[in-house]
Amino acid sequence: MGVSSGCAAASGGDGLKLELFRFLVQVVRGRWFMFFSSFLIMAAAGATYIFSIYSKDIKTSLGYDQSTLNTLSFFKDLGANVGILSGLINEVTPPWVVLSLGAAMNLFGYLMIYLAITGRTAPPPVWLMCLYICVGANSQTFANTGALVTCVKNFPDHRGIVLGLLKGFVGLSGAIITQLYYAIYFDDSKSLVLLVAWLPAAISIVFVHTIRIMSVAASPPGKTPRAFYYFLYISLALAAYLLVAIVVEKSAGNFSRSEYSASATVAILLLLLPLVVVVKQELNIFNRRKHELQNSAPIDITVQKPSPVTVPKISPTAAAEKETGGAVVRCVSEMFRPPERGEDYSILQALVSVDMLVLFFATICGVGGTLTAIDNMGQIGESLGYPKQSIGTFVSLISIWNYAGRVTSGFASEILLTKFKFPRPLMLTAVLLLSCVGHLLIAFGVPNSLYFASVVIGFCFGAQWPLLFAIISEIFGLKYYSTLYNFGGAASPLGSYLLNVRVAGHLYDVEARKQRTLAGGTGDDRDLTCVGVECYKMSFLIITAVTVVGAAVSLVLVWRTKEFYKGDIYAKFREQREAAEQEMAMGGFSFEGEHHDSERKKKAALAPAPAPAPEEESHRNGKPVN
């Protein structure tokens, strides 16, 4: 008796350990942990946002002038925004390949810069430094493509929320990395480049095998899983904490290393807090599946032998001639005959479509204008007479409100679309018009308005990205989303070059030369400094006009897609996921003739049983019937 009870207790303990092991495996391999892993990858993918912290070290260590440093900055922006290569690689390889390549590029590019500015290697020529920073910055597109695009494909019916959250963490990444840098290296800004080299690469490698395409259960129509809201609340708490920490650190002046370490520890704990939500979600899924397996109804399984198929014989020569002759014609003809909106476009079909061209132009106008304001915020504040501490506050406000714009547009556009069929392109139009308020405040130099202008500009810059990428995925499908996503991002450097370099930079220099001439001074153009409202007035009046044109053009997309957004654009994804959920509930096995649908089961129960075919073996509950 005692022996049997002891055996029962031992077997019960082993069963509990096995169940716990299965649950842990499910957590690590689940889509919610994959989403959490993407949070961490995105939170470390913002090295390009903190270039201003270590740019002075590059300038002094390598003896560069401001013009050369600006050239280096341009190649940084070019690498960070042109990710066509990562998109094409992701089309033919699993996400872990893209993330691994990105980690290697990040480590190589920034490590070579660190070795150069610390004198551990001979000073490289300017073109080689441009290559290093372009490669390092381009790794950001590999992280975005590998993690973010995969999350959109795993949560297609909540893509706006997914894009908003992940892009929000990218917006916060600069502040997060800065906190870690002060805690680890204190005030050694050269070592910040070393941190940027190893930290994002290490995170990508640690979580590389958790990022993959999955087929999982759908949520009910019109209902957003609570987990997304929990993630939002945690990210809001993290953003609020970072804002308070930045303000306190700037106000206090001299923080000790231990104080910076305590601040960074709190940031890390908030960053890891979503893991609690992940475990809770996976526990609910684990219990539900266990309940379904314990109470599952008997299933009829039929295995049918396939009938032989006769394939007509075609000579190799004739087949090759037919394939070669019609390939080009077929490619060109299909390029201009796209499928219905929402279906999977080919890359060429999407690139030549009117919808993509309209969206790309509107993005050049919108993102180009707000990015110009962000890049010049320091000089704008200086020209309008703001103190240096206030200029630092502007940068912090832009970073935090950049995050706020990303999560707000992601969540708000998803809710408005789901509940009220409010089209996402119309929300993009509203964001473009709102950004004009910030541009006009800068243009006219309203006293003390730059604080509000930085909030508006940061919010609108962040809000455009989730809307852009969600619209691309909805109109052109997800099959080639990796490439199309990166094509949309290419509008950023193009808009920045046109409006920042050719407009704002040129007109600033013209006004500065005019002021120097009136003052009777001479000197090198590299020392040009402009003071007053006129420095950026004409530039931002032009930017405002361009943004209004972009908003007007975006209305063309609103009109073209109004019928599309009135329908249920996520219906097909729910159907696919419901089938996948039932398949996973049965242990992942599927056979031809298996009845997944409950209605078909009812019909089969009411209909008379057919006589078995001679070439069939019928099984009832997994047992052969003779």
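These figures come from a predicted structure and were not determined experimentally.

**A closer look at the overall build of the protein chain**
Point 1. The helix and strand tally for the protein chain stands at 25 helices and 3 strands.
Point 2. Across the 626 residues that make up the protein chain, the buried fraction comes to 48%.
Point 3. Counting contacts in the protein chain only where the partners sit at least 6 residues apart, residues at least 24 apart contribute 83% of the total.
Point 4. Counting only carbon and sulfur atoms, one obtains 65% of the accessible surface of the protein chain, whose full area is about 30200 Å².

**Comments concerning the environment of Tyr 64**
Point 1. Looking at where Tyr 64 falls in the secondary structure, it is placed in the loop between helix H3 (51–62) and helix H4 (66–81).
Point 2. Considered as a pair, Tyr 64 and Val 126 are 62 residues apart in the sequence and their alpha carbons are 8.9 Å apart.
Point 3. Setting aside its immediate chain neighbours within four residues, Tyr 64 contacts Ile 58, Lys 59, Leu 72, Pro 124, Pro 125, Val 126 and Met 129.

**Focus: the pattern of salt bridges**
Point 1. For the structure on display, the rule yields 8 salt bridges.
Point 2. Residue Glu 19 is joined to Lys 290 by a salt bridge in which the shortest nitrogen-to-oxygen separation is 2.9 Å. With a gap of 271 residues between them, Glu 19 in helix H1 (residues 2–29) and Lys 290 in helix H12 (residues 274–294) connect regions that are remote in the sequence.
Point 3. Overall, the relative accessible area of 32% leaves Glu 19 in the partly exposed class.
Point 4. The salt bridge partner of Asp 355 is Arg 560, with a shortest N-O separation of 2.6 Å. With Asp 355 in helix H15 (residues 354–375) and Arg 560 in helix H22 (residues 534–560), the pair connects residues that are 205 residues apart, well separated along the chain.
Point 5. Of the residues examined, Asp 355 reaches a relative accessible area of 4% and is grouped as buried.
Point 6. On the accessibility criterion, Arg 560 (29% relative accessible area) is partly exposed.
Point 7. Connected through shared salt-bridge partners, Arg 341, Asp 355 and Arg 560 make up one network.

**Examining the side chain of Thr 363**
Point 1. Its location among the elements puts Thr 363 in helix H15.
Point 2. Only 2.7 Å separates the side chain of Thr 363 from the backbone oxygen of Leu 359, close enough to count as a polar contact.

**Focus: the state of the cysteines**
Point 1. Per the stated rule, a full pass over the model turns up 1 disulfide.
Point 2. Paired through a disulfide, Cys 530 and Cys 535 show a sulfur-sulfur distance of 2.0 Å. On the sign convention where negative means left-handed, the S-S torsion of about -95° between Cys 530 and Cys 535 marks this disulfide as left-handed. Just as Cys 530 is buried, Cys 535 falls in that class too.
Point 3. Cys 130 supplies the cysteine sulfur nearest to Cys 134, a cysteine that is in no disulfide, at a spacing of 8.6 Å.

**Thoughts on a nonpolar patch on the surface**
Point 1. A grouping of Phe 74, Leu 494, Tyr 497, Leu 498 and Val 501 is seen on the molecular surface, where their side chains present a nonpolar patch of about 400 Å² in accessible area.
Point 2. Examining the composition of the nonpolar patch, we find that 4 residues originate from one element, helix H21 (residues 491–518), more than from any other.
Point 3. Tracing the sequence through the fold places Val 501 in helix H21.

**Comments concerning the nonpolar core**
Point 1. Counting 126 residues, the largest nonpolar core has Phe 35, Ile 58, Leu 165, Phe 228 and Phe 231 as the members making the most contacts within it.
Point 2. It is helix H8 (residues 159–185) that contributes the most residues to this core, 15 residues altogether.
Point 3. Beyond its immediate sequence surroundings of up to four residues, Ile 58 is in contact with Phe 51, Gly 63, Tyr 64, Leu 69, Leu 72, Ile 113, Ile 117 and Met 129.
Point 4. Counting residues in hydrophobic clusters, the runner-up holds 23 residues, among them Ala 373, Leu 441, Ile 442 and Cys 535.

**Some thoughts on the packing of aromatic side chains**
Point 1. Following the criterion strictly, the structure yields 31 aromatic pairs and no others.
Point 2. Between the aromatic rings of Tyr 386 and Tyr 451, the centroid separation amounts to 6.0 Å while the plane-to-plane angle is 75°, which identifies the pairing as edge-to-face. Residue Tyr 386 is located in the loop between helix H16 (377–383) and helix H17 (388–420), and its partner Tyr 451 is located in helix H19 (residues 450–476); the two are separated by 65 residues in the primary sequence.
Point 3. With a relative accessible area of 12%, Tyr 386 lands in the buried category.
Point 4. Under the relative-accessibility criterion, Tyr 451 is labelled partly exposed at 31%.
Point 5. An aromatic cluster of three or more residues is present, and its members are Trp 32, Phe 35, Phe 39, Phe 155, Phe 169, Phe 228 and Phe 231.

**Here we look at the confidence of the model for the protein chain**
Point 1. Per-residue pLDDT for the protein chain has a mean of 83; in total, 82% of the residues score no lower than 70.
Point 2. Here residues 588–626 is modelled with pLDDT under 50, and outside its nearest four sequence neighbours on either side it reaches 32 contacts, counting other chains as well.

**Some remarks on the packing of H8 against helix H10 (residues 226–252)**
Point 1. In contact at an axis separation of 10 Å, H8 and H10 are set at 25° when each is read in the N-to-C sense. In terms of axis orientation, H8 runs roughly parallel to H10. Classified by chirality, the crossing of H10 by H8 is left-handed. On H10, the residues that touch Ile 161, Val 162, Leu 165, Phe 169, Leu 172, Ala 175, Ile 176 and Gln 179 of H8 are Phe 228, Phe 231, Leu 232, Ser 235, Leu 238, Ala 239, Leu 242, Ala 245, Ile 246 and Glu 249.
Point 2. The residue makeup of the contact of H8 with H10, split by class, is 15 nonpolar, 2 polar and 1 charged.

**Section: the environment of Gly 366**
Point 1. Along the chain, Gly 366 falls in helix H15.
Point 2. Given a relative accessible area of 0%, Gly 366 falls into the buried group.
Point 3. Between the alpha carbons of Gly 366 and Val 548 there is a distance of 8.7 Å; along the sequence they are 182 residues apart.
Point 4. For Gly 366, the contacting residues outside a window of four places in its chain are Leu 432 and Gln 464.

**Observations regarding the packing of helix H5 (residues 84–92) against helix H7 (residues 126–154)**
Point 1. One can describe the packing of H5 onto H7 by two numbers: an axis separation of 8 Å at closest approach and a directional angle of 40°. Judged by the inter-axis angle, H5 sits oblique to H7. The handedness of the crossing between H5 and H7 comes out as right-handed. Of H7, the residues touching H5 (which contributes Leu 85, Ser 86, Gly 87, Ile 89 and Asn 90) are Thr 141, Phe 142, Thr 145 and Val 149.

**Some words on helix H11 (residues 257–272)**
Point 1. Its 16 residues place the ends of H11 22 Å apart at the C-alpha level, agreeing with the 22 Å of an ideal helix rising 1.5 Å per residue.
Point 2. Of the positions making up H11, those classed as buried are Tyr 260, Ser 263, Ala 264, Ala 267, Leu 270 and Leu 271. End-on, the buried residues of H11 take up no more than an arc of 115°, which puts them together on one face. With respect to the buried face of H11, the exposed residues turned more than 90 degrees away are Ser 258 and Leu 269.
Point 3. Tucked into the core, H11 has its buried residues touching helix H2 (31–43), H8, H10 and H12.

**Let's talk about the side chain of Arg 31**
Point 1. Examined against the element boundaries, Arg 31 turns out to sit in helix H2.
Point 2. One buried charge, Arg 31, has no salt-bridge partner; the nearest side chain with opposite charge is Asp 157, at 5.6 Å.
Point 3. There is a polar contact of 3.4 Å between the side chain of Arg 31 and the backbone oxygen of Asn 154.

Rules of the game
Residues numbered from 1 in each chain as written. Predicted model: local features only at pLDDT ≥ 70, side-chain atom pairs only at ≥ 80, totals over all residues. Heavy atoms only, no water. Helix = DSSP H or I, 4+ residues; strand = E, 2+ residues; numbered from the N terminus. Buried < 20%, exposed > 50% of the residue type's maximum accessible area, 1.4 Å probe, protein only. Contact = heavy atoms within 4.5 Å. Areas by Shrake-Rupley, 256 points an atom, 1.4 Å probe, with all protein chains shown as cover. Salt bridge = Lys/Arg side-chain N within 4 Å of Asp/Glu carboxyl O. Polar contact = N/O pair within 3.5 Å; in protein donor to acceptor, adjacent residues only side chain to side chain. Disulfide = S-S within 2.5 Å. Patch = residues over 30% accessible without salt bridge, like charges linked within 9 Å, V, L, I, M, F, W, Y side chains within 5 Å. Core = buried A, V, L, I, M, F, W, Y, C linked by side-chain atoms within 4.5 Å. Phe/Tyr/Trp six-rings, centres within 6.5 Å; stacked < 30°, edge-to-face > 60°. pLDDT = per-residue confidence, 0-100. Axes fitted to C-alpha atoms, helices over the stretch in contact; angles between N-to-C directions. Parallel < 35°, antiparallel > 145°, perpendicular 65-115°, else oblique. Left-handed = near helix turned anticlockwise from the far one by under 90°. Nonpolar A, V, L, I, M, F, W, Y, C, P; charged D, E, K, R; others polar. Expected span 1.5 Å × (residues − 1). Arc of directions from axis to C-beta. Lys, Arg positive; Asp, Glu negative; His and termini not counted.

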